[in-house]
Amino acid sequence: MAGYTTDPRTGFCKENSTFYSKRKPVPLPANQSLNVTTFISSRAHSGKIAFIEAATGRQLTFSDVWRAVDAVAASLSEDYSIRKGHVVLILTPNSVYFPIVCLAVMSLGAVITTTNPLNTSREIAKQIADSKPVLAFTIPQLLPKLAGSNLPVVLLGSDVSASQRNPASGNLRIVASIEEMMRREPSPTRVKERVSQDDTATLLYSSGTTGASKGVISSHRNLIAMVQTVVNRFRLDEENSTFICTVPMFHIYGLVAFATGILASGSTVVILSKFELDEMLTAIQKYSATHLPLVPPILVALVNNYETIAKKYDLSSLHSVLSGGAPLSKEVIEGFVEKYPKVTILQGYGLTESTGIGASTDSLEESRRYGTAGLLSPSMEAKIVDPDSGAALPVNRTGELWLRGPCIMKGYFSNEEATASTLDSDGWLRTGDLCYIDEDGFVFVVDRLKELIKYKGYQVPPAELEALLLTHPEIADAAVIPFPDKDVGQFPMAYVVRKTGSTLTQSGVMDFIAKQVAPYKRIRRVAFAASIPKNQSGKILRKDLIKLAVSKL
């Protein structure tokens, strides 16, 4: 940026058509031989309780957590020969074990890959085939989803019985329980491999518009920059800051907030194994929670059920809610502020490819600039690029948002073509989102170039569902579009062309898909059509179908 002039109001530099963050840059450690686990554990804070399991009341202090991380790392290294670069899979709902496993794996220079417990065995098998993990962590209830993987498995929970170690179900090899590993005494002579900030730390899978889920490679530097951004953003009083964990830790949002970022701040995290509104509200009251990260449908539920909530629960401790996954409407923000005037709404924008970091609103005043994703995150740069000409655009012009900064991924795992089409040689990430940046530097998301459907914050690739629909013997053609819904954001709707003579029903289509995909990917509305509109190259004209569907509301 040397020699360039940046407009202090917009953050825009005319010389290179780049927007620079108006927020204070995040400090990054100079030591290159540093892993994210060591970075987090070495941060000075006076926090006492790190994690509380809402369902059981079990508590782990910060010293308990780091003792457990060291023990599990020692067991992984010495008992199961996990080495730098090895991939380890974790398949579980939220629990106190999740961050312990992640931090232990990353401390060795090994790579953690997470997957959604709602995914089907077929979907999980595809991820295993791509990422090639050497070990898996899961709970007993999810063991059937790993059947056929031939992976050694560590059970999360109580100790493993002899019958569990030798299950009747074929080739699953249960080798230990996490509790056993947590009791392991590390060897004083254990040789630790050197891990650098450039080494891969996580391999999270992000849905693509082609239907092929891609492994996002994030480095230790990416995660360290993310942790610094999270800690500096909240400026927490760790003695009195308590977060409720409502979002899944396997997702970048949950991993950022609960398995790494908040831990570094010295705050307490109350973990819900799954989201239920009453359980969340009970936990806020019981533990005097101050911060509530969530997705828009939960915020909508808080507004819509206010009268009942106010009678049953004391939420006076709550200081702020943080919404991510999709933008909040003016009506939702105003409705929330009216009902909960003492609670500040914060919003965030990020992608798996940007380690969950991109833009944010850090005050109610910023959130009340309705429709905005916020100001660029610290140390983040942006361009608004015309998708047709490739020209970088100035203030208040709509184009594709490109991001560059210390949180941007290294690339896609074993997929040079996808990496080259998403990351350019100068480190710019093409987000696939159509945006503009206004005269005060606020980012506004207008539409998605990518065609992902956002259901409750989950990403659903329409092409994956279309491919499945075309395997039905009575379907000649099909298209899947996002259908707007005030409770879930969007859900998948299918337009289906039946083969001649077919009597296939709407419920028949929905049931066919429901048996093959995770619940959040299910088709929830079906319309039959004579043909699917396509352009000359055969690409489905989804916008035409979306207009048609919405016009019939």
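Note that the coordinates shown come from a computational prediction; the quantities given were computed from them, not determined experimentally. (Residues numbered from 1 in each chain as written. Predicted model: local features only at pLDDT ≥ 70, side-chain atom pairs only at ≥ 80, totals over all residues. Heavy atoms only, no water.)

Draft legend 1. Region of interest: the overall build of the protein chain. If you tally the helices and strands in the protein chain, you get 17 helices and 29 strands. Its C-alpha atoms give the protein chain a radius of gyration of 24 Å, near enough to 24 Å, the size a compact globule of 553 residues would have. Counting only C-alpha atoms and orienting by the principal axes, one finds that the protein chain spans roughly 70 × 65 × 55 Å. The proportion of buried residues among the 553 residues of the protein chain is 56%. Just so you have it, the protein chain exposes about 23100 Å², and 51% of that area is on carbon and sulfur atoms. For the protein chain, the distance from the average position of its 58 positive side-chain charges to the average position of its 53 negative side-chain charges is 2 Å. (Helix = DSSP H or I, 4+ residues; strand = E, 2+ residues; numbered from the N terminus. Rg over C-alpha atoms; globule rule 2.2 N^0.38 Å. Buried < 20%, exposed > 50% of the residue type's maximum accessible area, 1.4 Å probe, protein only. Areas by Shrake-Rupley, 256 points an atom, 1.4 Å probe, with all protein chains shown as cover. Lys, Arg positive; Asp, Glu negative; His and termini not counted. Charge placed at Lys NZ, Arg CZ, Asp CG, Glu CD.)

Draft legend 2. Focus on the nonpolar core. Counting 171 residues, the largest nonpolar core has Leu-76 and Phe-137 as the members making the most contacts within it. It is helix α8 (residues 252-265) that provides the largest number of residues to this core, a total of 10 residues. With residues near it in sequence (within four places) discarded, Leu-76 still touches Ser-81, Ile-82, Ala-104, Val-105, Leu-108, Leu-135, Phe-137 and Met-181. Counting residues in hydrophobic clusters, the runner-up holds five residues, among them Val-87, Val-111, Tyr-205 and Ile-217. (Core = buried A, V, L, I, M, F, W, Y, C linked by side-chain atoms within 4.5 Å. Contact = heavy atoms within 4.5 Å.)

Draft legend 3. Examining the environment of Ala-259 more closely. One can find Ala-259 in helix α8. C-alpha of Ala-259 to C-alpha of Ser-95: the two residues are 164 residues apart in sequence and 10.0 Å apart in space. Sequence-distant contacts of Ala-259, that is, excluding residues within four places in its chain, are made with Pro-99, Leu-103 and Gly-254.

Draft legend 4. Quick look at the packing of helix α3 (residues 97-107) against α8. The contact between α3 and α8 brings their axes to 10 Å, and the two run at 70°. Classified by the angle their axes make, α3 and α8 are roughly perpendicular. The two elements α3 and α8 meet at a crossing, and its hand is right-handed. Along the contact surface, α3 presents Phe-98, Pro-99, Cys-102, Leu-103 and Met-106, while α8 presents Leu-255, Ala-259, Thr-260 and Leu-263. (Axes fitted to C-alpha atoms, helices over the stretch in contact; angles between N-to-C directions. Parallel < 35°, antiparallel > 145°, perpendicular 65-115°, else oblique. Left-handed = near helix turned anticlockwise from the far one by under 90°.)

Draft legend 5. Focus on the packing of aromatic side chains. According to the stated counting rule, one finds seven aromatic pairs in the structure shown. Relative to Tyr-458, the ring of Phe-250 has its centre 6.5 Å away and its plane inclined at 5°; by these criteria the two rings are stacked. One end of the pair, Phe-250, is in the loop between β12 (242-245) and α8; the other, Tyr-458, is in strand β26 (residues 458-460), and 208 residues separate them in sequence. The burial state of Phe-250 is the same as that of Tyr-458; both residues are buried. Ring geometry for Phe-336 and Tyr-340: centres 4.7 Å apart, planes at 25°, overall stacked. Comparing Phe-336 with Tyr-340 shows no difference in burial state: the two are buried. Three or more aromatic residues joined by ring pairs make a cluster, and in this case those are Phe-250, Tyr-458 and Tyr-520. (Phe/Tyr/Trp six-rings, centres within 6.5 Å; stacked < 30°, edge-to-face > 60°.)

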